[in-house]
Structure formats: structure tokens, C-alpha cells
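Per-entry structural report
Each chain, letter by letter, is given below.
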Amino acid sequence: GRLPSRNCQKRNSASHPPEIDITDEHLPGRSGSELLKTLREDGLESTVFALTGSIGEDFEVRFLVASGDGIMLKPFNRAGLLACLNSAKRSATMR
């Protein structure tokens, strides 16, 4: 399928901000931790999880310092994903 334009995405996220965002740690040109840091500085308040195939202490620290909410290891299964999403939902209601 075709992805919506950047302006469409901005317009939709402004009127309907996501409750949960998921990013991969290994993105082209920057890390998910760097992306998260920038988004938090721009005012993003949603719960954010990172996906990664390998985890190290340095990644965990970078992601948590950037105000990440959780990390899911790849490959993940449906039960693991649902557990993370339910945890995020509980956290969001406590904010």
C-alpha cells in the first residue's frame, strides 16, 4: 500500500495523537533512541516502545535516558506484543 504524505501524517497526528508509538532501534540514518529524544523534545507524550534484535546495556541506557517506556526483543510473538501494549495502556491511565 501507499503511505500517506508527511503533511497528512502531521495533520492526523495533531488531531488524533497516538497513545502508543513503536520504533525500531536500527533506523536508516539514526537510532530509535535518537528519534525518541528528538520527539520528546518536540513534545511527544505518548508511550514509546523500541524494537531491537539485540540488546546491550548501552542501548537500554540510551533508550531510557531518552524517556522510552519499554523494549521488545525481536523476534517477538503476539503474546509478548499484547503484554507490552497492555502494560503501556495501564501506564498511560496512571499518568
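1. Topic: the overall build of the protein
Helix and strand content of the protein: four helices and five strands. Helices (α) and strands (β) of the protein occur, in sequence order from the N terminus, as α-β-β-β-α-β-α-β-α. Relative to its 95 residues, the protein shows a buried fraction of 24%. Surface summary for the protein: the accessible area is close to 6,900 Å², and the carbon and sulfur share equals 55%.

2. Remarks on unusual backbone geometry
Look at the link from Lys74 to Pro75: it is a cis peptide, with omega at -10°. Topologically, Pro75 is positioned in the loop between strand 5 (70-73) and helix 4 (78-94). At Ser67, a residue that is not glycine, the phi angle is positive and equals roughly 75°.

3. As for helix 2 (residues 32-41)
Residues separated by three or four positions in an α-helix point in the same direction, a consequence of the helix having 3.6 residues per turn. Among all positions in helix 2, only Gly32, Ser33, Leu36 and Arg40 are buried. The buried residues of helix 2 occupy one face: seen down the axis, they fall within an arc of 100°. In this structure, the buried side of helix 2 is in contact with strand 1 (20-24), strand 2 (26-27), strand 3 (30-31), strand 4 (47-52) and helix 3 (57-65).

Cut-offs applied
- Residues numbered from 1 in each chain as written.
- Predicted model: local features only at pLDDT ≥ 70, side-chain atom pairs only at ≥ 80, totals over all residues.
- Heavy atoms only, no water.
- Helix = DSSP H or I, 4+ residues; strand = E, 2+ residues; numbered from the N terminus.
- Buried < 20%, exposed > 50% of the residue type's maximum accessible area, 1.4 Å probe, protein only.
- Areas by Shrake-Rupley, 256 points an atom, 1.4 Å probe, with all protein chains shown as cover.
- Arc of directions from axis to C-beta.
- Contact = heavy atoms within 4.5 Å.

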